[in-house]
Amino acid sequence: VPTAEREMSLLGDLAGDAWLYETHAAGSAPGAVVPRRGSMVPFEMLHLHALMPSYSGHHATAIGRLFSLVQALDRSPWPEAAAESAGSAVLDSGIDAAAVGGMAGDAP
């Protein structure tokens, strides 16, 4: 578990600009249409990030991260994002980075 936590920490802030579609599309061409918006981080990785502290006995941190994930899901446009990307090889997570703000930090 410590190795997995260390590996996850190397990814940095999962809600940061480095993980946004807009950040990478903005540098491609001036005035280019961004085909996707939001986070490139798969839901499974956000879920694993939330659960990982519980395996080390840090249950309060895990619960805080899980609640942050649930709040992000409540505020995200999942049905609309899924309908727009139906048939696409890569599905947009639909999670707005601002909504996942608490995901990077630990619970108090």
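No experiment lies behind these values; they were computed from the predicted model shown.

By the element assignment, A50 lies in helix α3 (residues 43-51). Judged by its relative accessible area of 0%, A50 is buried. Sequence separation between A50 and S68 is 18 residues; the distance between their C-alpha atoms is 8.6 Å.

Once that is clear, we can look at the side chain of S39. You can see S39 is positioned in the loop between α2 (21-26) and α3. What makes S39 buried here is its relative accessible area of 4%. Of note is the side chain of S39, whose polar atom sits 3.0 Å from the backbone nitrogen of V41.

Parameters at a glance
- Residues numbered from 1 in each chain as written.
- Predicted model: local features only at pLDDT ≥ 70, side-chain atom pairs only at ≥ 80, totals over all residues.
- Heavy atoms only, no water.
- Helix = DSSP H or I, 4+ residues; strand = E, 2+ residues; numbered from the N terminus.
- Buried < 20%, exposed > 50% of the residue type's maximum accessible area, 1.4 Å probe, protein only.
- Polar contact = N/O pair within 3.5 Å; in protein donor to acceptor, adjacent residues only side chain to side chain.

Remember that the coordinates give geometry; whether it matters functionally is a separate question.
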